[in-house]
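# Examining the three-dimensional arrangement
If you want the building blocks of each chain, they are given just below.
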Amino acid sequence: NARFFPITDWGGLIALPYYQTRVSIINVLLGVVELNAMGVGGGDGSPSCFIATLVSADSLSVDRITAAHRLNARFAGCSSQAEAEQLALEVSQSNVCEALVQLLTDGDTLCEIVVFLMINLSVHTDCAERLCHGGLLPVLVAMLRTDDEFFRQHGLALLSILSEHR
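Conventions adopted
- Residues numbered from 1 in each chain as written.
- Predicted model: local features only at pLDDT ≥ 70, side-chain atom pairs only at ≥ 80, totals over all residues.
- Heavy atoms only, no water.
- Helix = DSSP H or I, 4+ residues; strand = E, 2+ residues; numbered from the N terminus.
- Buried < 20%, exposed > 50% of the residue type's maximum accessible area, 1.4 Å probe, protein only.
- Contact = heavy atoms within 4.5 Å.
- Areas by Shrake-Rupley, 256 points an atom, 1.4 Å probe, with all protein chains shown as cover.
- pLDDT = per-residue confidence, 0-100.
- Lys, Arg positive; Asp, Glu negative; His and termini not counted.
- Salt bridge = Lys/Arg side-chain N within 4 Å of Asp/Glu carboxyl O.
- Polar contact = N/O pair within 3.5 Å; in protein donor to acceptor, adjacent residues only side chain to side chain.
- Core = buried A, V, L, I, M, F, W, Y, C linked by side-chain atoms within 4.5 Å.
- Axes fitted to C-alpha atoms, helices over the stretch in contact; angles between N-to-C directions.
- Parallel < 35°, antiparallel > 145°, perpendicular 65-115°, else oblique.
- Left-handed = near helix turned anticlockwise from the far one by under 90°.
- Arc of directions from axis to C-beta.
- Expected span 1.5 Å × (residues − 1).

Looking only at helices and strands, the protein chain has nine helices and two strands in total. Counting helices and strands in the order they occur from the N terminus, the protein chain gives β-β-α-α-α-α-α-α-α-α-α. In the protein chain, which comprises 166 residues, the proportion classed as buried is 47%. A fraction of 67% describes how many contacts in the protein chain between residues 6 or more apart in sequence connect residues 24 or more apart. By element, 53% of the accessible surface of the protein chain is carried by carbon and sulfur atoms, the whole surface being about 7900 Å².

This is how it looks when you write it as structure tokens:
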């Protein structure tokens, strides 16, 4: 029974036991991509290089998942809720929200990382609204029918967060 635990001083939420295990696996799986590309977006690690990777039609799915993972790490590094809200506003452009919904629709491996990013983006009400306008709700509801208990639990958590903002 996974629970959300604060992992930052400002109360950033993540399914800690599961996510820590998955981060180790993700780092191994995505390590080759990072070595080859010198980091996703080939840049300085700023949110803008991750955003460019997420919305690029030329990006491989694994690169897009890696970008989402790196953005989650940026949220975990925020020292206050205000800083997290500012990051959410910077990241949650409409094309990013649509790209994240598309990653869920594609059903790629490790797409739960995208759900974590959506939960992090939902720290700000405007960002939650952008996700909804990006077409998230019907996709999320459809994906809750999956046999993957982890995805259902965190998908329901995201749905709950979105309902608070509406």
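Quick look at the confidence of the model for the protein chain now. Across the protein chain, pLDDT averages 77, with 72% of residues at or above 70. Contacts of residues 1-26 to residues separated by more than four positions or lying in other chains number 53 contacts, the stretch itself having pLDDT below 50. In this model, residues 28-42 is a region of pLDDT below 50 whose contacts with residues beyond four sequence positions or in other chains number 19 contacts.

By secondary structure assignment, the location of Arg64 is in helix α3 (residues 61-76). In this structure, Arg64 is buried with no salt-bridge partner, the nearest side chain bearing the opposite charge being Asp106 at 4.6 Å. At a separation of 3.4 Å, a polar atom in the side chain of Arg64 contacts the main-chain carbonyl oxygen of Ala99. Among all residues touching Arg64, those that are not within four sequence positions of it are Thr53, Leu54, Ser56, Ser59, Ala99 and Leu103.

Before going further, it helps to examine the nonpolar core. One finds Leu54, Leu100, Leu104, Met118, Leu121 and Leu136 to be the most contacted residues of the largest nonpolar core, which totals 42 residues. Breaking this core down by element, the ones donating at least two residues are α2 (47-55), α3, α4 (81-91), α5 (94-106), α6 (112-121), α7 (125-133), α8 (136-143) and α9 (149-165). Among the elements that make up this core, the one with the highest residue count is α6 (seven residues). In contact with Leu54, other than residues within four places in its own chain, are Arg64, Ala67, Ala68, Leu71, Val96, Ala99, Leu100, Leu103 and Leu117.

The next subject is the side chain of Thr66. Here Thr66 shows up in helix α3. Polar contacts involving the side chain of Thr66 include one to the main-chain carbonyl oxygen of Val62, which spans 2.7 Å.

Moving on: the packing of α5 against α8. Look at α5 against α8: their axes get within 10 Å of each other, and the N-to-C directions meet at 25°. With respect to their mutual orientation, α5 and α8 come out roughly parallel. Read as a crossing pair, α5 and α8 show a hand that is left-handed. On α8, the residues touching Val101, Leu104 and Thr105 of α5 are Leu136, Val139 and Met143.

Buried residues of α7: Cys127, Ala128, Leu131 and Cys132, and no others. When α7 is viewed along its axis, its buried side chains cluster within an angular range of 145° and face the same direction. Where α7 is buried, its residues meet α4, α5, α6, α8 and α9. Immediately downstream of α7, the backbone of Gly135 shows phi near 95°, a positive value.

The end-to-end C-alpha distance of α5 is 18 Å, a good match for the 18 Å that 13 residues give at a rise of 1.5 Å each. Three or more residues of α5 are buried, namely Val96, Cys97, Ala99, Leu100, Val101, Leu103 and Leu104. Positioned one or two residues after α5, Gly107 has a phi angle of 65°, which is positive.

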